[in-house]
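Here's the letter readout for the chains.
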Amino acid sequence: MNVEPTGGMVLIDLAQDVLAAAAVNVSARGMTVNRVALASRPNEVEADAPDQVGQWVRHSLDDAGISTRRAVFAVPRAEVVLKVLELPTAGIESEAELCQAVRLQMTRQLTMPIDESIIDSVTLPARGDDRMTCVLAGAIHRDRVEWYRQVARAAGLKIAGVRLRSGGIARLAGGADGPVLAIASGAETTDFVVAEHGRVLFARSVELQHATPELSLPLLRDEGGGDQEQDLLQRVAVEAKRTWMSYRVSQRAEDVRSIVVMGQGETAQQLCERCQAMLELEAHCVELPASLRIKPSLSDETLGTFLPLLGLGVRLEDGSKGLDFLNPRRPPDVGARRRQLALAGMFALVVLGGAGYLFGQNVIGQLEAELSVKQTRERELFEEYVAYLKERARAEHVQRWDAIDADYIGHLAWLTGRLPDPKISLADRVDMTLVGEVRYEGRSFPEGRWSSVSRLAVDVSGKVSDRSIALELRERLLETGLFTVVNRGPDVADRYDFELTTQYLSPDDAIRETDSVDAGATASEEETTP
């Protein structure tokens with residue numbers, strides 16, 4: 001299971017070309033930062049060679065005067081698959097069942113084989129529905145964790161944890177009064193994390209440092225100015241709004257209350273002002289906890305680089321733990337007590353049977369041999385039964401997913417029939433995405449019940465000669481009640497960009513349902529008419 005690190009250690013953030021490390025001491029009273037190291041990877045060091053990277057890490061630590069051998073590595077968001085799972089509370093009565101449920105859910109979420117991944121999870125605060133248990137699950141490729149082991153071995157370090165970098169950002173962001181959006185600008189990427197009570201609810205990472213104005217969004221080009229730093233701040237604010245929108249769409253949770261920028265100084269304050277104006281939410285720079293003491297003198301820019309890393313060493317007040325792929329959450333050994341009782345019974349037989357030692361040895365030997373055979377047979381049968389349940393669950397799961405099939409041609413024909421005349425409007429993009437979910441409810445398999453929900457999202461955009469044409473198109477799309485329509489971007493005079501969502505897999509389904517409702521209403525009116 002996860003173990004919160006304490007004592008002296010070195011926190012290491014290995015980006016593609018930059019190393020950030022901090023020697024800290026963690027105790028129940030707080031965390032003290034003793035030394036820091038910040039270095040760029042030499043050209044002769046290959047990023048994919050763990051031995052070379054480990055030697056570079058060792059030299060960088062020695063140059064900074066860091067001799068601590070116990071190390072915790074920070075994993076970037078791009079290397080981890082994060083999912084917030086909602087599991088039925090009624091079907092989970094133990095730690096073992098929770099771990100098995102998380103693993104079963106992640107099996108269908110991952111693109112990599114489940115045997116080649118390491119899965120860890122933490123339980124999130126209740127959202128008001130006692131029937132569901134919310135869990136943040138993370139998965140990383142097993143080879144990537146082994147790569148960190150090899151780097152630590154080459155650097156002469158004893159690896160103590162491989163933890164999600166976004167977790168450090170969430171711990172410093174706080175969010176005790178509701179979800180907050182934390183923004184941390186690193187050396188190569190900028191992380192956007194939605195956190196509550198120091199726990200990650202949603203996270204994404206974006207490379208912004210090397211973006212060019214020519215590739216920016218039209219919203220950014222409209223700002224003008226030509227100031228590279230101001231352009232970067234504006235891009236960060238836009239990505240913050242995109243993160244906020246993605247979080248609202250992807251999770252049925254409480255909305256973000258405020259924005260926290262991981263940094264100090266004038267640049268961080270300017271970013272707060274940009275984000276506050278963009279999202280219309282209160283924004284402020286991070287307030288460092290009193291339990292965090294930093295001895296080295298760091299500039300505002302350097303401090304902002306180290307804050308996400310230092311957050312991994314800060315202990316939460318409730319003692320909860322974050323994702324650690326070196327020490328993942330595992331189900332408890334439910335057979336330990338039974339084995340202890342069996343061994344105690346055997347010891348009592350040996351003590352009480354001193355007079356018949358030789359006879360007792362023969363009897364015990366026979367019983368142990370018989371017990372071993374039966375335990376072996378029991379394990380074999382249990383493994384066969386578990387394998388059967390897995391195959392059956394996968395087959396039924398595939399059948400449920402196969403049943404979710406949208407009539408893309410029908411929807412496209414319906415949409416085409418409502419688009420304006422090509423002489424005054426030209427649609428240049430139509431993108432259809434089917435999002436489905438198959439759920440299983442029950443205390444155990446296969447006595448439970450399967451259910452499925454689906455949602456079709458259609459992104460359509462194009463050019464119009466007049467803004468009124470786009471407004472009229474939006475009204476035509478809404479009048480049938482088949483789709484809900486949302487603007488995907490800012491309103492402009494010569495373009496429209498709509499996101500259409502519907503629960504109907506085919507337009508005919510909506511028509512039949514509408515006809516059925518109208519027929520029922522007509523029958524009711526005829527019955528009430530004298």
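Read on for an overview of the structure. (Residues numbered from 1 in each chain as written. Predicted model: local features only at pLDDT ≥ 70, side-chain atom pairs only at ≥ 80, totals over all residues. Heavy atoms only, no water.)

### Some remarks on the sheet that holds strand 15 (residues 425-441)
- Spatially, the four strands line up as an open sheet ordered 15-16-18-17, and their pairing is antiparallel. Looking along the sheet, the strands with just one partner apiece sit at the ends: strand 15 and strand 17 (484-487). For this sheet, the mean angle separating the axes of adjacent strands, direction not counted, is 20 degrees.
- Bridge count for strand 15 against strand 16 (residues 449-464) is 16 bridges, and the pairing is antiparallel. By the bridge assignment, L426 is partnered in strand 16 with K463.
- Against the sheet, helix 10 (residues 357-403) contacts strand 15 and strand 16, and its axis sits at roughly 145 degrees relative to strand 15.
- Strands strand 15, strand 16, strand 17 and strand 18 (495-502) of the sheet are contacted by helix 12 (residues 467-479), whose axis makes an angle of about 10 degrees with strand 18. (Pairing = 2+ DSSP bridges. Helix = DSSP H or I, 4+ residues; strand = E, 2+ residues; numbered from the N terminus. Axes fitted to C-alpha atoms, helices over the stretch in contact; angles between N-to-C directions. Contact = heavy atoms within 4.5 Å.)

### So, the packing of helix 1 (residues 50-63) against helix 3 (residues 142-154)
- Axis separation between helix 1 and helix 3 bottoms out at 7 Å; the angle between their running directions is 50 degrees. The orientation of helix 1 relative to helix 3 falls into the category oblique. Crossing hand, helix 1 versus helix 3: right-handed. Taking contact as the criterion, the partners of P50, D51, V53, G54, Q55 and V57 in helix 1 are, on helix 3, W147, Q150, V151 and A154.
- Classifying every residue of the contact of helix 1 with helix 3 by side-chain character gives six nonpolar, three polar and one charged. (Parallel < 35°, antiparallel > 145°, perpendicular 65-115°, else oblique. Left-handed = near helix turned anticlockwise from the far one by under 90°. Nonpolar A, V, L, I, M, F, W, Y, C, P; charged D, E, K, R; others polar.)

### Details of the packing of helix 6 (residues 228-250) against helix 7 (residues 266-279)
- Two elements in contact, helix 6 and helix 7, have axes whose closest approach is 9 Å; the angle formed by their N-to-C orientations is 45 degrees. Relative to helix 7, the element helix 6 lies oblique. Between helix 6 and helix 7 lies a crossing whose hand is right-handed. Facing helix 6, whose interface residues are E229, Q230, L233, Q234, V236, A237, V238, A240, K241 and W244, helix 7 presents T267, Q270, L271, R274, C275, M278 and L279.
- A class-by-class count of the residues in the contact of helix 6 with helix 7 yields 10 nonpolar, four polar and three charged.

### Looking at the pairing of strand 12 (residues 258-261)
- Residue alternation in strand 12 divides its side chains into two sets, S258 and V260 and I259 and V261, and both sets are buried.
- Where strand 12 lies against strand 13 (residues 282-285), four bridges are found, and the strand directions are parallel. In the strand pairing of strand 13, S258 is matched with E282.
- In this view, the connection linking strand 12 to its parallel neighbour strand 13 by way of helix 7 has right-handed handedness. (Buried < 20%, exposed > 50% of the residue type's maximum accessible area, 1.4 Å probe, protein only. Right-handed = clockwise from strand over helix to strand, strands pointing away.)

### Remarks on the nonpolar core
- Grouped together as the largest cluster of nonpolar side chains are 96 residues, with contacts concentrated most on I12, L14, V24, V57, F73, L157 and M262.
- When residues no more than four places from it in sequence are discounted, the contact partners of V24 are G7, G8, M9, L11, M31, T32, V33, N34 and L310.
- In terms of nonpolar packing, the next biggest core, distinct from the first, is built from 21 residues, A406, I469, L477 and Y504 among them. (Core = buried A, V, L, I, M, F, W, Y, C linked by side-chain atoms within 4.5 Å.)

### Focus on a nonpolar patch on the surface
- Together, F347, V351 and L352 make up an exposed nonpolar region whose accessible area comes to about 380 Å².
- Looking at the secondary structure, you find V351 in helix 9 (residues 336-352). (Patch = residues over 30% accessible without salt bridge, like charges linked within 9 Å, V, L, I, M, F, W, Y side chains within 5 Å. Areas by Shrake-Rupley, 256 points an atom, 1.4 Å probe, with all protein chains shown as cover. Salt bridge = Lys/Arg side-chain N within 4 Å of Asp/Glu carboxyl O.)

### With respect to the sheet that holds strand 13
- As summarised here, the arrangement of the five strands in space is 11-10-9-12-13, forming an open sheet in which the pairing is mixed. A strand with exactly one partner marks an edge of an open sheet, and here the two such strands are strand 11 (199-206) and strand 13. For this sheet, the mean angle separating the axes of adjacent strands, direction not counted, is 20 degrees.
- Note that strand 10 (residues 190-196) and strand 11 share seven bridges and pair antiparallel. Its bridge partner being in strand 11, A195 is matched across the sheet by V200.
- In this fold helix 4 (residues 165-173) packs onto strand 9 (180-185), strand 10, strand 11 and strand 12, with an angle of close to 55 degrees to the strand it touches most, strand 10.
- Lying over the sheet, helix 7 contacts strand 9, strand 12 and strand 13, oriented at roughly 170 degrees with respect to strand 13.

### Details of a positive patch on the surface
- Together, R103, R142, R330 and K390 make up a region of like positive charge exposed at the surface.
- Structurally, R142 is set in helix 3. (Lys, Arg positive; Asp, Glu negative; His and termini not counted. Charge placed at Lys NZ, Arg CZ, Asp CG, Glu CD.)

### Here's the deal with the packing of aromatic side chains
- Enumeration over the complete set of coordinates arrives at eight aromatic pairs.
- Between F73 and Y148, the ring centres sit 5.5 Å apart and the planes meet at 50 degrees, which makes this aromatic pair tilted. Of the two residues, F73 is situated in strand 4 (residues 70-75) and Y148 in helix 3; the sequence distance between them amounts to 75 residues. When sorted by exposure, F73 lands in the same class as Y148, which is buried.
- Their ring planes at 55 degrees and their centres at 5.5 Å tell us that Y440 and F445 sit as a pair that is tilted. (Phe/Tyr/Trp six-rings, centres within 6.5 Å; stacked < 30°, edge-to-face > 60°.)

### Some thoughts on the side chain of R329
- Tracing the chain through its elements places R329 in the loop between helix 8 (300-311) and helix 9.
- Side-chain polar atoms of R329 contact the side chain of T123, separated by 3.4 Å. (Polar contact = N/O pair within 3.5 Å; in protein donor to acceptor, adjacent residues only side chain to side chain.)

### A look at the pattern of salt bridges
- Inspection of the entire model under this criterion finds 20 salt bridges.
- Across the pair E396 and R392 runs a salt bridge, and its minimum N-O distance is 3.0 Å. Of this pair, E396 and R392 both sit in helix 10, separated by four residues, roughly a single helical turn.
- On the accessibility criterion, R392 (31% relative accessible area) is partly exposed.

### Section: the environment of V145
- Here V145 shows up in helix 3.
- When its relative accessible area of 2% is taken as the criterion, V145 is described as buried.
- As for V145 and G161, which are separated by 16 residues in sequence, their C-alpha atoms are 9.8 Å apart.
- Residue contacts for V145: discarding those within four places in its chain leaves I118, I140, V162, F325 and L326.

### Topic: the state of the cysteines
- Applying the stated criterion across every chain, the model contains zero disulfides.
- Of all cysteine sulfurs, the one in C285 lies closest to C272, which takes part in no disulfide; the gap is 3.8 Å.
- By relative accessible area, which is 1% here, C272 ends up buried.
- Residue C285 is classed as buried on the basis of its relative accessible area of 13%. (Disulfide = S-S within 2.5 Å.)

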